[in-house]
Amino acid sequence: MTGLGKKTVEDIDVKGKTCLVRCDFNVPVKDGVITDDKRIREALKTIKYLKAQGAKQILCSHMGRPKGEVNMKYSLQPVQKRLRELLDCDVIMASDVIGPDAKAKAAALKDGDIMLLENLRFHKEEEKNDPDFAKELAGMAEIYVNDAFGTAHRAHASTAGVADYLPAVCGYLIQKEIEIMGTALENPKRPFVAILGGAKVSDKIGVIENLADKVDTLIIGGGMAYTFIKAKGGRIGASLCEEDKLELAVRLMEKAREKNVKFLLPADSVIGDEFKEGCKVRTADSDKIPDGWMGMDIGERAVREYTRAIKGAGTVVWNGPMGVFEMPDFARGTKAIAKAVAESGAISIIGGGDSAAAVEQLGFADKMTHISTGGGASLEFLEGLELPGIAALNDK
Ligand code: AMP
């Protein structure tokens, strides 16, 4: 299920209609000030389109974890302020979510008006996907637009439940995620290369299983590589290892072999004698790491081999850093791979979370075809799982 073929805002007549628009305004706020407004800016395309079409908009989002209680530390008021600045028009704020203020203001909206509800998670019913809460939310509107990819893997009232009561379409942000990632999975330009890294194999089992059926090459880096290397009989010293996943690692490598998928592990590693900045640093073959030392980054030979594989790719999907990139001594592998992907000319898709942060931090963001706006959601998408927030949308 990739969601290709779901209705978008352009497939429905929104003029004069009240649209409940689920956005991802879960932005970092410090002392009432937004420190990174990227997510708000990413929602603008859909909001501007709906306004230009003469729709009445009720925007809604969660922010942080207020645990089902009203807590003004998590109020969306700073988002209202920023939206006003970015849209250069008024944005009305409701002081509640489904209470009398929201309902009165929703009923008074005129064509082109925009209002913002308070934090959805002020109600515990939101995360429980409570049908009565979803019905109340839906009751204020005539059309549901989901544009929050970052929460599309959650079946909450505002991401899935409301679609039981309203025609449901996606906004431009979700449409872009579906189109780029869905096409990569269903009909990729080949060779299709997946790069998987990060700390743990256990987090990526589903992704490896699913991608092993689709890709031509699987490149493994990060802490998860050492479980595979140990499973092949290598000595990995004190590197990260999930002992209970050794058999599974063998099975995954066998599956790759059966499917004719090249399965690349780092030939060498940059190793440290302690998991901290300023530790002693050396290079070693990844299967001959001395006792007490741990693999913290892929080495030069691995970088060269991985770069060669990436250079010839038609599509690259990347999720998870190649090493402990937060420490400068162990950031080179991730940086080199980011550069190789950026320069490959391939369709390049970066999963959200750490790999997206790494690409942005290293200055390669604008060279990638697509950086997913959802960490958990993009991982589940790559696992081939059905995302409730996308499944709930109407088919074309
Ligand atoms: P994940 O959330 O699974 O994508 O993992 C990202 C985290 O994995 C980052 O914080 C990295 O520092 C960490 N990481 C990457 N490579 C290693 C490694 N070789 N040893 C320990 N941690 C690692």
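Structure: above.
Computed from a prediction, not measured in an experiment: that's the story for all the values here.

K.L.:
Requested: an account of the overall build of the protein chain, with residues and values cited.
P.N.:
Scanning the protein chain from N- to C-terminus turns up 14 helices and 19 strands. Viewed in the frame of its principal axes, the protein chain has a C-alpha envelope of about 70 × 45 × 35 Å. Counting only residues that meet the buried cut, the protein chain has 56% of its 396 residues in that class. A sequence separation of at least 24 residues applies to 73% of the contacts in the protein chain between residues at least 6 apart. Summing over all exposed atoms, the protein chain offers an accessible surface of approximately 16800 Å²; the carbon and sulfur share of this is 47%. Of the side-chain charges in the protein chain, 55 are positive and 59 negative, and the distance between the mean point of each set is 3 Å.

K.L.:
Kindly report on the packing of aromatic side chains, identifying the contributing residues and their values.
P.N.:
Counted according to the given criterion, the structure contains three aromatic pairs. An angle of 90° between the planes, with centres 5.5 Å apart, marks the rings of Y49 and Y172 as edge-to-face. Here Y49, found in helix α1 (residues 38-52), pairs with Y172, found in helix α6 (residues 172-186); they are 123 residues apart in sequence, far enough to count as distant. One cation-aromatic arrangement involves K45 over Y172; the distance from NZ or CZ to the ring centre is 4.6 Å. Over the face of the ring belonging to W293 we find R282, whose NZ or CZ atom lies 4.7 Å from the ring centre.

K.L.:
Could you give an account of the site of the ligand, with specific residues and numbers?
P.N.:
Near the ligand, the surroundings consist of 16 residues, among which A199, G223, G295, E326 and D354 are the closest. Taking A199, its main chain carries an N or O atom lying 3.0 Å from an oxygen atom of the ligand. Relative to its free-state accessible area of 510 Å², the ligand is covered by the protein chains to the extent of 82%. Given that more than half its atoms are within 2 Å of the pocket grid, the ligand belongs to the largest pocket.

K.L.:
Which residues make up the packing of helix α7 (residues 205-212) against helix α9 (residues 246-258), and what values go with them?
P.N.:
Relative orientation of the contacting elements α7 and α9 amounts to 15°, with a least axis distance of 10 Å. Judged on the interaxial angle alone, α9 and α7 are roughly parallel. Once α7 is placed against α9, the crossing between them reads as left-handed. Along its contact with α7, which presents I205, I208, E209 and A212, the element α9 presents L248, R251, L252 and K255. Here the contact of α7 with α9 is built from residues that sort into five nonpolar, no polar and three charged.

K.L.:
Explain the pairing of strand β10 (residues 217-220) to me, and be specific about the residues and the numbers.
P.N.:
Of the two faces of β10, the one carrying T217 and I219 and the one carrying L218 and I220 are both buried. Relative to β10, strand β9 (residues 192-196) runs parallel, the two sharing four bridges. Note that in β10 the partner of V193 across the bridge is T217. With α7 bridging β9 and its parallel neighbour β10, the resulting β-α-β unit is right-handed. Bridge analysis of β10 against strand β12 (residues 262-264) gives three bridges, and the strand direction is parallel. Within β12, the residue paired with I219 across the bridge is L264.

About the criteria used
- Residues numbered from 1 in each chain as written.
- Predicted model: local features only at pLDDT ≥ 70, side-chain atom pairs only at ≥ 80, totals over all residues.
- Heavy atoms only, no water.
- Helix = DSSP H or I, 4+ residues; strand = E, 2+ residues; numbered from the N terminus.
- Buried < 20%, exposed > 50% of the residue type's maximum accessible area, 1.4 Å probe, protein only.
- Contact = heavy atoms within 4.5 Å.
- Areas by Shrake-Rupley, 256 points an atom, 1.4 Å probe, with all protein chains shown as cover.
- Lys, Arg positive; Asp, Glu negative; His and termini not counted.
- Charge placed at Lys NZ, Arg CZ, Asp CG, Glu CD.
- Phe/Tyr/Trp six-rings, centres within 6.5 Å; stacked < 30°, edge-to-face > 60°.
- Lys NZ or Arg CZ within 6 Å of the ring centre and 35° of its normal.
- Near = heavy atom within 4 Å.
- Polar contact = N/O pair within 3.5 Å; in protein donor to acceptor, adjacent residues only side chain to side chain.
- 1 Å grid on protein atoms, 1.4 Å probe; cavity = no way out; pocket = protein on both sides within 12 Å on 5 of 7 lines; lining within 4 Å.
- Sits in = over half its atoms within 2 Å of the grid points.
- Axes fitted to C-alpha atoms, helices over the stretch in contact; angles between N-to-C directions.
- Parallel < 35°, antiparallel > 145°, perpendicular 65-115°, else oblique.
- Left-handed = near helix turned anticlockwise from the far one by under 90°.
- Nonpolar A, V, L, I, M, F, W, Y, C, P; charged D, E, K, R; others polar.
- Pairing = 2+ DSSP bridges.
- Right-handed = clockwise from strand over helix to strand, strands pointing away.

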